[in-house]
Amino acid sequence: MKHHERWMRLALKEAKKAFESGEVPVGCVIVRANTVIGKGYNQREQLKDPTAHAEIIAITAAANFLNDWRLEKCTLYVTKEPCAMCAGAILNARVEKIIFGCYDEKEGCCGSLYNICADPRFSHKCAVRGGVLEDACQTIIVSFFKSKR
């Protein structure tokens, strides 16, 4: 558990970058062999790109680092439960595990609305664990939306 918290704190640092940029504060890091190989934060507004979610940016960075689209033996840490697009990209990248902070009852697709990663119809499965540093991950999102009202 402690090692998951260590990496989630780094994902929270990424989320703070998004917050400071006026983006929904979600951050992500991808770890392989105890090393961060990719990281990202939401940049949809800044890049004017609907796919510029933290997870997608981190996946791209990790694939570039490895020079391979297959992110086998990797764990993805993200501050908020991935949406359908991100969960699909995580599966397609062959990520081994997803560890997320807060649940997303409106759009989460790793257990809340649906669990894409456990659907037996897909050839790849991905282990999922939610609730790591959940309060801190939820707090930054709630603070962001309060600041916008």
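Everything below is about the structure printed above this text.
Parameters at a glance
Residues numbered from 1 in each chain as written. Predicted model: local features only at pLDDT ≥ 70, side-chain atom pairs only at ≥ 80, totals over all residues. Heavy atoms only, no water. Phe/Tyr/Trp six-rings, centres within 6.5 Å; stacked < 30°, edge-to-face > 60°. Buried < 20%, exposed > 50% of the residue type's maximum accessible area, 1.4 Å probe, protein only. Helix = DSSP H or I, 4+ residues; strand = E, 2+ residues; numbered from the N terminus. Expected span 1.5 Å × (residues − 1). Arc of directions from axis to C-beta. Contact = heavy atoms within 4.5 Å. Polar contact = N/O pair within 3.5 Å; in protein donor to acceptor, adjacent residues only side chain to side chain.

Enquirer: Any chance you could explain the packing of aromatic side chains here in plain terms?
Expert: Here a ring pair, both rings aromatic, is described through the centre-centre distance and the interplanar angle of the planes. Under the counting rule described, the total for this entry stands at 3 aromatic pairs. Their ring planes at 80° and their centres at 4.9 Å tell us that Phe100 and Tyr103 sit as a pair that is edge-to-face. Residue classification places Phe100 among the buried residues on the basis of a relative accessible area of 1%. Residue class for Tyr103 comes out partly exposed when judged on its relative accessible area of 35%.

Enquirer: Sorry, what's going on with helix H1 (residues 2-20) here?
Expert: An α-helical segment advances 3.6 residues per turn. Residues three or four places apart therefore align on the same side. Helix length check: H1 (19 residues) gives 27 Å between terminal C-alpha atoms against 27 Å at 1.5 Å per residue, within 8%. All buried positions along H1 are accounted for by His4, Glu5, Trp7, Met8, Ala11, Leu12, Glu14, Ala15 and Ala18. The arc that holds every buried residue of H1, seen down its axis, measures 165°, which confines them to one face. Away from its buried face, by an angle of more than 90 degrees, H1 presents the exposed residues Lys2, Lys13 and Glu20. If you follow the buried residues of H1, they end up packed against strand E1 (27-32), strand E2 (35-41), strand E3 (74-80), strand E4 (97-102), strand E5 (127-129) and helix H5 (134-148). In the segment just after H1, Gly22 is the residue with positive phi, at about 80°.

Enquirer: Is there a simple way to explain the side chain of Asp119 in this structure?
Expert: Assignment of secondary structure puts Asp119 in the loop between E4 and E5. Classification of Asp119 by relative accessible area gives buried; the value is 7%. Within the structure, Asp119 has its side chain in polar contact with the side chain of Arg121 (distance 2.6 Å).

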